Amino acid sequence: MMGASPSVPELVAAAQTNAKASENRISEVLKLLDGQNGSDAQLEELRAATVALELTAVDIFSVFEARMQNTFKRGPFARKLKTMLVAAEQADLAERFHLYYLAINVLKHGKGASYRELLNDPSTLIVVRPAEDTVADETLPAVGLIDVTVPGFFDGLSTTILEAYHFLENR
């Protein structure tokens, strides 16, 4: 017999554990590099850990969205949640959720409307890389259009998901 599937908070906790492992690997490699050009192996490890962190972020956001989708009859979950949060005078959470939604969209789909919106938003929450910076420059670790390695990115994402989850569960 199958057990109950894990709750959103349990899934977020598991994602945080995975993210912390990736963040630690990134930090260790960067310490070893100490501003120097690394070996191919070090750069590859940095790339792999960064990609793992990007995938963990996309996965936990997507799981949250899928689990909570039934809150609304139909239509774009993120937009409806933002509207509901604003109406409930939760503007800060609405804004953070929207920014993380855009960041995850960019991680999933690359340049597009979400990318342009983030480029035009002076938020310190999400670090957006100009597209020309993401070209495979061998002296830089290859990372995507959203810098998920910025301290606090994943913790902020997790906190925002949990706050949105509790908001939806308690309304």
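Residues numbered from 1 in each chain as written. Predicted model: local features only at pLDDT ≥ 70, side-chain atom pairs only at ≥ 80, totals over all residues. Heavy atoms only, no water.

A. Representation of the side chain of Arg96 in the model. Of note, Arg96 is situated in helix H4 (residues 91-109). Ignoring anything within four residues of it in the chain, the contact list for Arg96 reads Leu125, Thr159, Thr160 and Glu163. (Helix = DSSP H or I, 4+ residues; strand = E, 2+ residues; numbered from the N terminus. Contact = heavy atoms within 4.5 Å.)

B. Layout of the environment of Tyr101. As for its position among the elements, Tyr101 is in helix H4. As for Tyr101 and Ser62, which are separated by 39 residues in sequence, their C-alpha atoms are 9.6 Å apart. Those residues within four positions of Tyr101 in sequence are excluded, and the remaining contacts are Phe61, Glu65 and Ala78.

C. Spatial organisation of the packing of H4 against helix H6 (residues 153-169). It is the contact of H4 with H6, at a shortest axis distance of 10 Å, that shows an interaxial angle of 125°. It follows from the interaxial angle that H4 and H6 lie oblique. By crossing handedness, the relation of H4 to H6 is classed as left-handed. Contacts between H4 and H6 pair Leu93, Arg96, Phe97, Tyr100, Ala103 and Ile104 from the former with Phe153, Gly156, Leu157, Thr159, Thr160, Glu163 and Ala164 from the latter. (Axes fitted to C-alpha atoms, helices over the stretch in contact; angles between N-to-C directions. Parallel < 35°, antiparallel > 145°, perpendicular 65-115°, else oblique. Left-handed = near helix turned anticlockwise from the far one by under 90°.)

D. Region of interest: H6. The end-to-end C-alpha separation of H6 is 24 Å, in line with the 24 Å expected for 17 residues at 1.5 Å each. The secondary structure elements touched by the buried residues of H6 are helix H1 (8-33), helix H2 (40-68), helix H3 (77-87) and H4. (Expected span 1.5 Å × (residues − 1).)

E. Broad picture of the packing of aromatic side chains. Counted according to the given criterion, the structure contains seven aromatic pairs. Between Phe64 and Phe77 the ring centres are 5.7 Å apart and the planes differ by 75°, which places this aromatic pair in the edge-to-face class. Within this pair, whereas Phe64 is found in helix H2, its partner Phe77 is found in helix H3, the two being separated by 13 residues in sequence. Of the two residues examined, Phe64 and Phe77, each falls in the buried class. Here a set of aromatic residues connected by ring pairs shows up, and it is made of Phe61, Phe64, Phe72, Phe77, Phe97 and Tyr101. (Phe/Tyr/Trp six-rings, centres within 6.5 Å; stacked < 30°, edge-to-face > 60°. Buried < 20%, exposed > 50% of the residue type's maximum accessible area, 1.4 Å probe, protein only.)

F. Structural context of H4. Spanning 19 residues, H4 covers 26 Å between terminal C-alpha atoms, matching the ideal 27 Å at 1.5 Å per step. Those residues of H4 not exposed but buried are Leu93, Ala94, Arg96, Phe97, His98, Leu99, Tyr100, Leu102, Ala103, Ile104, Asn105 and Val106. Looking at the buried side of H4, the elements it contacts are H2, H3, helix H5 (113-119) and H6. Positioned one or two residues after H4, Gly110 has a phi angle of 80°, which is positive.

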